[in-house]
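# Notes for the structure review
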Amino acid sequence: MSKAALEQLEQYQVEIPQAAERFQNCANLYDRKLWHQLTEELEAIISEVPEVNNGDFLIRLYEGFVAGFGHRLNLLKLAKMAVQAAGQFGAPAQAVSFLERVQHQIRDAKLAREEGQPLLYLQSHIAQYKLAGGEVAECKTMNEDNHTALASLHDVDPSVSAAVHFTSSQYFKYVKDFAEFYKASLQYLAFVSSEELPKEQKLPLAVDISLAALLGDSIYNFGELLLHPIVKVLEDSPHAWLLAMLQAFHAGDMGAYDHVCTAHATTLNSMPALVQNERKLREKITILCLMELIFSLPAEQRTIPLSAIGQRTRLGLDGVEFLLMKTLSMHLIEGVIDQVDGNVQVSWVQPRVLTLPQIKGLGARLNDWMSKVNSAHLTLEDDAVLEIE
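Residues numbered from 1 in each chain as written. Predicted model: local features only at pLDDT ≥ 70, side-chain atom pairs only at ≥ 80, totals over all residues. Heavy atoms only, no water.

## Considering the overall build of the chain
- Counting its secondary structure elements, the chain contains 20 helices and three strands.
- Here the chain has a C-alpha radius of gyration of 29 Å; the compact-globule value for 389 residues is 21 Å, and the former is much larger.
- The principal-axis extent of the C-alpha atoms belonging to the chain is close to 100 × 65 × 35 Å.
- Within the span of the chain, comprising 389 residues, buried residues form 43% of the whole.
- Across the chain, every contact between residues at least 6 apart in sequence was considered, and the portion connecting residues at least 24 apart equals 63%.
- Total accessible area on the chain stands at roughly 20600 Å², and carbon and sulfur atoms take up 53% of it. (Helix = DSSP H or I, 4+ residues; strand = E, 2+ residues; numbered from the N terminus. Rg over C-alpha atoms; globule rule 2.2 N^0.38 Å. Buried < 20%, exposed > 50% of the residue type's maximum accessible area, 1.4 Å probe, protein only. Contact = heavy atoms within 4.5 Å. Areas by Shrake-Rupley, 256 points an atom, 1.4 Å probe, with all protein chains shown as cover.)

## Let's talk about the environment of Pro158
- Position of Pro158 relative to the elements: it lies in helix 9 (residues 158-174).
- Expressed as a C-alpha distance, the spacing of Pro158 and Lys202, which sit 44 residues apart in the sequence, is 18 Å.

## Some details on the UniProt feature "domain: PCI" (unreviewed entry) in the chain
- The sites that carry the UniProt feature "domain: PCI" (unreviewed entry) are, in the present numbering, residues 177-351.
- Secondary structure within residues 177-351 divides into 60% helix and 9% strand; the distance between the first and last C-alpha atoms comes to 24 Å. (UniProt positions renumbered as here; feature names shortened; annotations may be inferred.)

## A word on the pairing of strand 2 (residues 333-338)
- In this structure, strand 2 lies alongside strand 3 (residues 343-349), joined through six bridges in antiparallel fashion. Looking at strand 3, one finds that Gly335 is bridged to Val346.
- With antiparallel pairing between neighbouring strands as the criterion, strand 2 and strand 3 make up a hairpin whose turn holds four residues, including Gly342 at a positive phi of roughly 70°. (Pairing = 2+ DSSP bridges.)

## A word on the environment of Ser161
- Within the secondary structure, Ser161 sits in helix 9.
- Ser161 sits in the buried class, given a relative accessible area of 5%.
- The residues contacting Ser161, other than those within four sequence positions of it, are Leu150, Val156 and Phe191.

## Comments concerning the pattern of salt bridges
- In the structure shown here, the tally under the stated rule is 16 salt bridges.
- The partner of Lys130 in a salt bridge is Glu135, with the nearest N and O atoms 3.6 Å apart.
- Each member of the salt-bridge network shares a partner with another, and the members are Glu15, Asp56 and Arg60. (Salt bridge = Lys/Arg side-chain N within 4 Å of Asp/Glu carboxyl O.)

## Observations regarding the sheet that holds strand 1 (residues 303-305)
- An order of 1-3-2 is seen for the three strands of this open sheet, with the pairing classed as antiparallel. Where the open sheet ends on each side, the last strands, each with one partner, are strand 1 and strand 2. Sheet twist, expressed as the average angle between the axes of neighbouring strands with direction ignored, equals 30°.
- With three bridges connecting them, strand 1 and strand 3 associate as antiparallel partners. By the bridge assignment, Pro305 is partnered in strand 3 with Asn343.
- With respect to the sheet, helix 17 (residues 278-296) is in contact with strand 1, strand 2 and strand 3, its orientation differing from that of strand 3 by roughly 80°. (Axes fitted to C-alpha atoms, helices over the stretch in contact; angles between N-to-C directions.)

## Some words on helix 6 (residues 92-108)
- An ideal rise of 1.5 Å per residue puts 24 Å on 17 residues; helix 6 measures up with 24 Å between its terminal C-alpha atoms.
- For helix 6, the complete set of buried residues consists of Ala95, Val96, Phe98, Leu99, Val102, Gln103, Gln105 and Ile106.
- Lys110 sits one or two positions beyond helix 6 and adopts a positive phi of about 55°. (Expected span 1.5 Å × (residues − 1).)

## Thoughts on the packing of helix 11 (residues 199-215) against helix 17
- Contact geometry of helix 11 with helix 17 gives a least axis separation of 9 Å together with a crossing angle of 75°. In terms of axis orientation, helix 11 runs roughly perpendicular to helix 17. Across the interface between the two elements, Ala213, Leu214 and Leu215 of helix 11 pack against Lys280, Leu281 and Lys284 of helix 17.
- Of the residues belonging to the contact of helix 11 with helix 17, the class tally is four nonpolar, no polar and two charged. (Parallel < 35°, antiparallel > 145°, perpendicular 65-115°, else oblique. Nonpolar A, V, L, I, M, F, W, Y, C, P; charged D, E, K, R; others polar.)

## Considerations on the packing of aromatic side chains
- This model, assessed by the stated rule, comprises 14 aromatic pairs.
- What links up through ring pairs into an aromatic cluster is the set Tyr30, Trp35, Phe65 and Phe69.
- Above the face of the Tyr220 ring, Lys284 is positioned so that its terminal group lies 5.3 Å from the ring centre. (Phe/Tyr/Trp six-rings, centres within 6.5 Å; stacked < 30°, edge-to-face > 60°. Lys NZ or Arg CZ within 6 Å of the ring centre and 35° of its normal.)

## Quick look at the nonpolar core
- Judged by nonpolar contacts, the single largest core of 119 residues is most densely connected at Phe23, Leu38, Tyr62, Phe65, Val66, Phe249 and Ile309.
- The dominant element in this core, judged by the number of residues it contributes, is helix 11, at ten residues.
- When sequence neighbours within four positions are dropped, the list of residues in contact with Ile309 reads Leu290, Leu293, Ile304, Val320, Leu323, Leu324 and Val344. (Core = buried A, V, L, I, M, F, W, Y, C linked by side-chain atoms within 4.5 Å.)

## Things to note about helix 3 (residues 35-48)
- The first and last C-alpha atoms of helix 3 sit 20 Å apart over 14 residues, in line with the 20 Å expected at 1.5 Å per residue.
- What helix 3 keeps buried is the set Trp35, Leu38, Thr39, Glu41, Leu42, Ala44, Ile45 and Ile46.

Right, here's the structure in full:
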């Protein structure tokens, strides 16, 4: 086995002369059984030598060299090498078959304490290839199993968590469940650095997650997305209008929303998802307009005339009452509508992730409240002194 592996490395030196020195290092490390250092050298070859990512080289490198001693390596790193190699197969079924063989190899190593995360990492990518091959039901089942397995693990490597959540996001994207795609994508981004994502992957992801936020039935909080670095890529792109729309929704600004719709009408009309959900978008911006109005008011002024809501949301009295009933039924606010006096008493509004301008506004309101408390304190002190005298 050792002689065959070394012969393979000699062949690779001839095939890719740019990496000849690195392959020679691999041969030396392999001969000396320095598995950790050999793993690092292989990782460097895969990441730093572009030529190895062409054709089927990574497949041959894995099957002709790595597979022979893979059980001696860090099993998660072995799984990552296998996933990179799987990307060179022409058909999803071939990639699935290859990754399943790697799973068997890891199980055969009988290192139960170490195999949980590598197997889950591989399983997540198998599910992705299943989805790419049209096996949607199989992907759904595997995705659910993957989340169960993830919850049972401890000290999970971020790459494993990212793989599980990315698979989940791709499934929900395929079935057009916008809200779940949005949540899964944010979870995925919690385990990867968006700055390290290649631009060809970052921009499409930013567009998809932004559209999902707008179209998701249960998404009424845009602060977390607007504060995430992923949306910065929209600023200097043809999709800058999408960032402006997100900001309009977050601020509950009907005027800004209408301006974006008018200024970018051609682009919006070319996107079927937005055209089909035009009424839903108008309803959502109206609800957010109401929530922003409530949030902006001091706690002691939460009895709001229906006419003020109508002016802010551009609705008639009947429309305002329907808006309030819908918002109350969705548990976005809590309160009581008083039709006799023509107002609504709001006791609670759904918590939100605030952007920096909103935090500054909240700080100003807090300072005002502290001034009132201090004034009341001084008044009580004066009254107490008078009583003593």
